[in-house]
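Structure assessment
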Amino acid sequence: MSANIIDGKAFAAKLCIRVGEHVANLKAKHNITPGLAVIIIGHDPASQVYVRNKAKQTLEVGMNSFKYELDEDVSEADLLKLIDELNVRDDVHGILVQMPVPKHINATNIINALNPAKDVDMFHPLNAGKLMTGQVGPVSCTPLGCLMMLRDVHSSLEGKNAVVIGRSNLVGKPMAQLLLQQNCTVTMAHSRTIDLPPVVRLADIVIAAVGRAKMVKADWIKRGATVIDVGINRIDAPEKGEGKTRLVGDVDFDAVKEIAAYITPVPGGVGPMTIACLLANTVTTTCLINGLTPPKDLTA
Ligand code: NDP
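So, here's what we can say about the structure. (Residues numbered from 1 in each chain as written. Predicted model: local features only at pLDDT ≥ 70, side-chain atom pairs only at ≥ 80, totals over all residues. Heavy atoms only, no water.)

Another point: the overall build of the chain. Within the chain, the secondary structure is distributed over 10 helices and 11 strands. Relative to its length of 300 residues, the chain is compact, with a C-alpha radius of gyration of 19 Å against a globular reference of 19 Å. Relative to its full complement of 300 residues, the chain shows a buried share of 49%. Within the chain, contacts between residues at least 6 apart in sequence are counted, and of these 68% link residues at least 24 apart. Each charge class in the chain was averaged separately, 31 positive and 30 negative side chains, and the resulting centres sit 4 Å apart. (Helix = DSSP H or I, 4+ residues; strand = E, 2+ residues; numbered from the N terminus. Rg over C-alpha atoms; globule rule 2.2 N^0.38 Å. Buried < 20%, exposed > 50% of the residue type's maximum accessible area, 1.4 Å probe, protein only. Contact = heavy atoms within 4.5 Å. Lys, Arg positive; Asp, Glu negative; His and termini not counted. Charge placed at Lys NZ, Arg CZ, Asp CG, Glu CD.)

Structure representation (structure tokens):
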């Protein structure tokens, strides 16, 4: 039997409605309008589309959106100066620097310069530490979105074997921490894992966050597993015409959906949830900055 497809787009739309309600409430009851600042450096078309979508959705939920498009050759000092300004502005409650930054800029210096209270994608080491020690703070958007979808299809994740493929600070590591908090037994796999397929075959839950098109094959998957595909890979699509491309995930979707019980598609799975969680996190940081209790329905 074919897997149930987890509709990330529909899930994200519902989350955005809740975000919008909380924004309206913050405005009406506290005269606060959450504000999200996004900094993008250079002219990478894909990043620009992504940032434009973020800005559009930020406005749609009633927040203020501040977009900073900096030249590819902006100096690290100028970027740090902008971050310093945003760090102390009262109308900015979330700051996101679109990664990766150009090579002449030290990404660690940028991350460490962010005000941790406004760090909506959990880049700052203080927030990574809070997640690890189970304290309240922003949770990295993509793993938060994955967990929300998992919690929607499983009443409890306790005791499940979860395999996270990929160990980046942005996705793999926080994802593993979140699954640990849910009492999963977590295995983290990476490029040096020896003989990956049998490791993945033990998993009730597979999170693929690698960046390699269709790497995870059907015979790696235990029947009835839940598969969350974070990967975004652009491949040639001659069937759409000469020179055309399309997006695929890290999972061989068509084959794996015949084995798994639940699976996220690419596009339309984790991607929309990442943006919705960014907006949810901005409400969370707005509340925390203003001494208010963050809404519970914006976390997993
Ligand atoms: P990184 O490149 O930072 O990390 C990739 C990870 O995959 C590394 O830990 C690497 O291992 C591991 N890896 C590489 N090759 C293999 C292999 N053959 N077998 C097992 N593991 C391997 O990527 P990100 O975590 O930032 O992103 C991963 C994917 O998710 C990308 O496609 C990205 O575009 C996508 N993404 C999607 C988002 C969304 O909203 N849907 C948001 C963020 C990312 P090692 O550490 O050993 O090098």
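As a further point, take the site of the ligand. Near the ligand you find 20 residues, and of these Arg167, Ser168, Ser191, Ile232 and Thr274 are the closest. Side-chain polar atom of Ser168 to an oxygen atom of the ligand: 2.5 Å apart, as the coordinates give it. Contact between the ligand and Ser191: an oxygen atom at 2.5 Å from a side-chain N or O atom of the residue. When isolated, the ligand has an accessible area of 930 Å², and the protein chains bury 71% of it. It is helix H10 (residues 270–289) that provides the largest number of residues to the shell around the ligand, a total of 3 residues. Counted by class, the shell around the ligand contains 9 nonpolar, 9 polar and 2 charged residues. (Near = heavy atom within 4 Å. Polar contact = N/O pair within 3.5 Å; in protein donor to acceptor, adjacent residues only side chain to side chain. Areas by Shrake-Rupley, 256 points an atom, 1.4 Å probe, with all protein chains shown as cover. Nonpolar A, V, L, I, M, F, W, Y, C, P; charged D, E, K, R; others polar.)

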